[in-house]
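Each chain, written out:
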Amino acid sequence: MYYRIEVTYKDSLFDSPGKGIKKDIEEDLQIKGVESVRTIDIYKLDTDITKEDAIFLGKQLFSDPVIQKYAVNRPLTADFKWIVEVGFKPGVTDNVSVTTMEGISDILGRKFKGSVSTARQYIIKGNISKKEIELIATRLLANPVIETYEILNRKKIDKGTAVKKVKTVPVVEKVDLDVSDDELVRISDSKLLSLNLEEMQVIRKYYKSKVRERKKYGLGKKPTDVELEMIAQTWSEHCKHKIFNAIVEYKEGNKGIRINSLFDTYIRQATEKISKKKDWLVSLFKDNAGIVNFDKNYNIAFKVETHNHPSAIEPYGGAVTGIVGVNRDIMGAGLGGDLIFNTDIFCFAPPDININDVPEKILHPKRIFKGVRRGVEHGGNKIGVPTANGTIIFHNGYIGNPLVFCGTGGIMPKKIKKVDTSKKVVKPGDLIVMVGGRIGKDGIHGATFSSRKLDEATPVQAVQIGAPIVQKKMMDVLFEARDRSYYRAITDNGAGGLSSSVGEMAILSDGCLVNLEKAPVKYPGLVPWELWVSEAQERMTVAVKPEYIDDFLKLCKSRDVEASVLGKFTDSGKIHVKYGKKTVLNLDLKFVHKGLPTMVLKAEWKKPYIKEPNFKEPVNLSNELLKILSSYNVCSKEWVVRQYDHEVRGGTVLKPLVGSENDGPSDAGIIRPIFSSNRGVVVSNGINPNYGLIDPYWMAMSCIDEAVRNIVSAGGNFEKISLLDNFCWGNPILSENNPDGDFKMAQLVRAAKGCYDVAVKYGTPFISGKDSFHNEYEIDEKTITIPPTLLISAIGIIDNIETAVSMDAKKDGDLVYIIGETLSELGGSQYYHKKGFLGNNVPKVNPASAKKIYKALNRITNKKLAASIHDCSDGGLAVALAETAFAGGLGMKVSLRDVPADTKRNDFILFSESNSRFVVTIHPENKVSFEKIFNGCVFSHIGYVTKEKQFIIKGTNRKIIISKPIKTLKEAWKKTLRW
Amino acid sequence: MVKKKPKALVLLTAGTNCDLETEYALNLAGAQAEKVHINDFIAKKRKLKEYQILTIPGGFSFGDDIAAGKVLANKIKFKLEKQIESFVKDKKPVIGICNGFQVLVKLGFLPDIYKKLDQEVTLAINNTGKFEDMWIYLKANKRAKCIFTEGIDKVIYLPIAHGEGRFISKDQSIDNIIKKQNLIVFQYCSSSGNINFNSNPNGSENNIAGICNTGGTILGMMPHPERFITKHQHPRWTREDLPDEGDGLLIFKNTVNYVANGL
């Protein structure tokens, strides 16, 4: 029987979701005339229950008797102009339907049989045209990539449609590679393999050498689609980082060098050099996350991932899966880390771009922003991980391709039953068990999808939705299993799905034998290659000890978590995959993992000629400050931060929002992961794409400096900081279609070199990283490339959280200091940006003097000599001072004459973004000890914190150049993103 | 003689996520807390009567799908009803925080004026339409006849983190009885203790943040007392002189003391 149960608010009650939609229609779509929007939730059941049961469920499960009403098989709509009904396309994850089935089973006392799907109706009243309602449906209510929508001007009578039954036929196709080179390229393109000619040729050669051996397994000489798909996934840019491991022929002027792998030369080597002096590095580069020492009992793990392409197409799903995906990286690091914080960084185009200026196939940046934010809310909040730190960058270059960085930190006991938890072991005979969600067509080709640029023909099945609760259940049970030592190794099913998780774990035992027929599916109709590479979310693969397999399966069952034995690990040297009795894949492990040819890439650096702007110092500098404070890049992100649970787990001791009214911007987040210990984890980020447009070398230096100074600013130990590098670039492979590929490659080389140079001098090792290329969007044969973007995420230790310092001014009469030198280097600054310039003089880093400052600042915080510390970054000294003052609810008087600077221009001193600088306030009685510690560094006493709530700055000529109530400054800073 | 510590249950289910801090708060308050999955009670591997205190912690049970707390409430009602009813009948204390409060309300345990275990009030989507994490001030009702607020005389400060916390009574008579019988335990207020429109974060009727049942042994509240147990959890500990103990701990201590002094 088909039942359609509709639920809505009682007429007298206010419909919060409807009210929000109305606001979005008016503000985001600029459509006036909507009188009201009300929502109706719809549950469609196709099951063998009676009408009485359906009515009982309407009352007991689907509606809230206090505020809602419901109807079974009759529409609830009364008065309307338009109805828009939005549901999911077949095959798209519908989380509520899964919960509904469990809810029905609980109530009726028997297992639910049949199907459930959900939808939502928007009942719209007012003067809205057909054209406008179309716009509202496609630009706001539904995302046609994953959802179906129907626009009605009459009540909907829905009798349901019979679902066509599909039978799975395990079809395996064979692909003939004994063809011309042109044909090889065509095969790669048409199958979305993203493999180049040379790689296709290597594969062809491999098969020619294997004819006899393949016969033994009942395989012909042609590769099966399962095999080809696995090779493509494993050899994808996403999984093998081909560009970062390529040989680069780098030219600069008439100098040329050959670099053998950017990763080995700059990233790994930096860490190797540093590691000789640091005894706290535990597991680097080889696992799903970097692992370092926390204290004598625990290690911590950290990883930041990107989820750019999925978020461009379906921002909500892209962001949820970004979060839950990186959560699994921590769950799959070593034997599994418990999640202690998230950190999320986004790059969008400005949200106020006119809707008509956004190409039709691209989602408006505000929609992407809101969708991503909601995704992070659902991913982070539902799993229960505090979002402790993050930032949002706005730049026109991200219009076709936003960047969504999702990071997670975790903690794990160093030993469980005497076993080192930072290492994975797999023994032949261990069972391959897949735990968590089921396999669907969602996320097929994700790895190869991220390895090509976006265009109008981007495959839809690469979009994933994410089911946080399925993952939460899975994680909870896996921790129980971990603590009972049921498994020896664990890894997540991310890019490449099973082919990648099983393929990688098989290296540890030297082989595996899998039967795909055992894999649980969301719906029938998946062919073997899809089962093998699907990136359906919420799945981990574990190597279970044979003696514990029954206990393991029983435990999972008792927690309502699905676990399926798919095969076992072997030492055959082969990846051997069957479907039923038939072999569908047989590949040498060595070939799959080591057979990939190395790319040779060209890079030529010609420093872009960017004119340094020439303009007079503005007369009204108060206005300039207000403009910068309210700019998207500098303004308060409170609207976003509050919608994230940033203190679940009770360990967030330095929150993202601090100060007298809990709204000042923290430099870093501090988490106390173990209640009984006063040791904390400090997390921060550094990112500045504007600098990258001028010179990525200095961008890299600046990003590392920013991340490091944020940690030190909050009180973190400079000697114990680890870094993650995360490069997001356009396509750096030179070709006819990509004529400036060599320039983009040169930008990459310079950024990597910048990383090396400053990391080695600071002694801050890289412990893991990520790179994402092809961040481009092609429309009407024009390619929009993002600015070269490097995110540096830092994780540090604060030995005693009692010594943490927040950025807000604390007390009137306190002395205000600037630490570090201010130089007239305003290239890429927010000040120039607001004036429409990029500029050429990009801020540089002087590692030797910076290091001295950081060490001194550590001594200051350890002795609790600072009342507040705030780093100077976007918007420079002026913004840092203003934020310090208004976050503390206090005024400030500062003289620019006392600021150590190489210029007399007030605007340059105020807004220069020179690195390695801090604004520090101290109680007067600490003056002598404070200055003694900074002896030898550039620093200066520049003013006072005042009781009078006025922000006053005197210029280099002793005249007052800025005077504004702190309330005015704060309001300018807060109003921009108060949506 | 050392008194035996009361055994406190932190009930787990799919989507529970405030279990660690709730366990810590209970232990610090003098209980012996244990986290146990609901399925272990349904499968009769464990029994509720092993415990003297039941806490349903915050989180997103079953993803808040359909409505917050709804599916877990039904699971308890249809799978564990007898066990939990006898737990309550024995006057053993029950605390539901955030999602736990939503569960107790939807289960009909709070306020349960008519003793029929029917749902009499609800926690709807915030009038802001948003999930929000922020710190708010609370005034405890001195006349509330419940075991949880003993000694809470001053305005207390705790965080909320929810999207569905707007308290609504089914009708005017329930609203009246809640007020008359002093079932309101906590109300959102200003820092000086004024209960007004501006201090209401989610549109709750009468600024209600927490209520108890008529017997005074069941407490439901949206704010998170377990997130303010030590001073470092306070958002302004880096600028204000604060006692080491957080405002939330007293609620757990009162619960433990009530049990320790004999039910």
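I will try to describe carefully the structure that is included in this document. (Residues numbered from 1 in each chain as written. Chains lettered and ligands numbered in written order. Predicted model: local features only at pLDDT ≥ 70, side-chain atom pairs only at ≥ 80, totals over all residues. Heavy atoms only, no water.)

Some points on the overall build of chain A
A count of helical and extended segments in chain A gives 30 helices and 41 strands. Its C-alpha atoms give chain A a radius of gyration of 29 Å, within 12% of the compact-globule value 30 Å for 979 residues. Across its three principal directions, the C-alpha atoms of chain A cover 85 × 70 × 60 Å. Relative to its 979 residues, chain A shows a buried fraction of 66%. Within chain A, counting contacts between residues at least 6 apart in sequence, those at least 24 apart form 82% of the total. For chain A, the accessible area works out to roughly 35,500 Å², and carbon and sulfur atoms hold 50% of it. Both charge centroids of chain A, one from 142 positive and one from 118 negative side chains, sit 2 Å from each other. (Helix = DSSP H or I, 4+ residues; strand = E, 2+ residues; numbered from the N terminus. Rg over C-alpha atoms; globule rule 2.2 N^0.38 Å. Buried < 20%, exposed > 50% of the residue type's maximum accessible area, 1.4 Å probe, protein only. Contact = heavy atoms within 4.5 Å. Areas by Shrake-Rupley, 256 points an atom, 1.4 Å probe, with all protein chains shown as cover. Lys, Arg positive; Asp, Glu negative; His and termini not counted. Charge placed at Lys NZ, Arg CZ, Asp CG, Glu CD.)

Remarks on the environment of A:V542
Residue and element names in this part refer to chain A. Within the secondary structure, V542 is located in strand β20 (residues 539-544). Take V542: its relative accessible area is 0%, and that puts it in the buried class. Discounting chain neighbours no more than four positions away, the residues touching V542 are L431, I432, V433, V435, L478, Y487, A489, I490, M505 and F552.

Topic: the packing of helix α13 (residues 365-383) of chain A against helix α15 (residues 468-483) of chain A
Between two packed helices, the angle of one axis relative to the other and the distance separating the axes together describe the packing. Residue and element names in this part refer to chain A. For the pair α13 and α15, the least separation of the axes is 9 Å and the interaxial angle reads 30 degrees. Between α13 and α15, the angle is such that the two are roughly parallel. Both α13 and α15 take part in a crossing whose hand is right-handed. The residues of α15 that touch α13, namely those facing H378, G379, K382 and I383, are P468, I469, Q471, K472 and M475. (Axes fitted to C-alpha atoms, helices over the stretch in contact; angles between N-to-C directions. Parallel < 35°, antiparallel > 145°, perpendicular 65-115°, else oblique. Left-handed = near helix turned anticlockwise from the far one by under 90°.)

Focus on the nonpolar core
With 104 residues, the main nonpolar core has A:L45, A:F62, B:I76, B:L138, B:I178 and B:F186 as its most contacted residues. The biggest single contributor to this core is helix α7 (residues 249-260) of chain B, with six residues. Each residue touching B:I76, except ones within four places of it in the same chain, is listed here: B:L11, B:I38, B:I56, B:E81, B:I84, B:V103 and B:L107. Ranked by size, the runner-up nonpolar core spans 88 residues in total, among them A:F263, A:I711, A:V805 and A:I853. (Core = buried A, V, L, I, M, F, W, Y, C linked by side-chain atoms within 4.5 Å.)

Focus: empty space enclosed by the protein
Residues and elements named next belong to chain A. As enumerated under the stated definition, the model contains 11 cavities of 30 Å³ or more in all. If you add up the space inside the largest cavity, you get close to 760 Å³. Mapped by element, the contributors of at least two residues to the lining of the largest cavity are β12 (338-348), β13 (387-394), α21 (638-641), β29 (680-687), α23 (696-714), β36 (868-871) and α27 (876-888). Looking at the lining of the largest cavity, the element that brings in the most residues is β13, giving seven residues. Among the residues forming the lining of the largest cavity, the class breakdown is 16 nonpolar, 12 polar and nine charged. (1 Å grid on protein atoms, 1.4 Å probe; cavity = no way out; pocket = protein on both sides within 12 Å on 5 of 7 lines; lining within 4 Å. Points joined across faces, edges and corners; volume = space filled by probe spheres on them. Nonpolar A, V, L, I, M, F, W, Y, C, P; charged D, E, K, R; others polar.)

A look at the interface of chain A and chain B
Contact residues are listed per partner, giving 65 residues for chain A and 58 residues for chain B. In total, about 5,100 Å² of surface goes out of reach between chain A and chain B, with carbon and sulfur atoms giving 54% of it. A salt bridge links A:D106 to B:K75; the shortest N-O distance between them is 2.9 Å. Only α1 (16-27), α2 (51-62), α3 (95-108), α13, α15, β25 (652-654) and α27 of chain A provide two or more residues apiece to the side of chain A that touches chain B. Among the elements that make up the side of chain A that touches chain B, the one with the highest residue count is α3(A) (eight residues). (Buried area = accessible area lost by both parts, 1.4 Å probe. Salt bridge = Lys/Arg side-chain N within 4 Å of Asp/Glu carboxyl O.)

Description of α15(A)
Three- or four-residue spacings in an α-helix give side chains the same orientation, since the helix completes a turn every 3.6 residues. Residue and element names in this part refer to chain A. The end-to-end C-alpha distance of α15 is 23 Å, a good match for the 22 Å that 16 residues give at a rise of 1.5 Å each. All of the buried residues along α15 are P468, I469, Q471, K472, K473, M474, M475, V477, L478, F479, A481 and R482. Looking at the residues trailing α15, positive phi occurs at S485, about 60 degrees. (Expected span 1.5 Å × (residues − 1).)

Some thoughts on the pattern of salt bridges
Residue and element names in this part refer to chain A. Enumeration over the complete set of coordinates arrives at 73 salt bridges over all chains. Between E199 and K242 there is a salt bridge, with its nearest N and O atoms 3.1 Å apart. Here the residue E199 occupies a position in helix α6 (residues 197-208), and K242 occupies one in the loop between α9 (237-240) and β7 (247-252), the gap between them amounting to 43 residues. The class for E199 is buried, based on a relative accessible area of 1%. Because the salt bridges share partners, they merge into one network encompassing E638, R642, E661, D663, K970 and K974.

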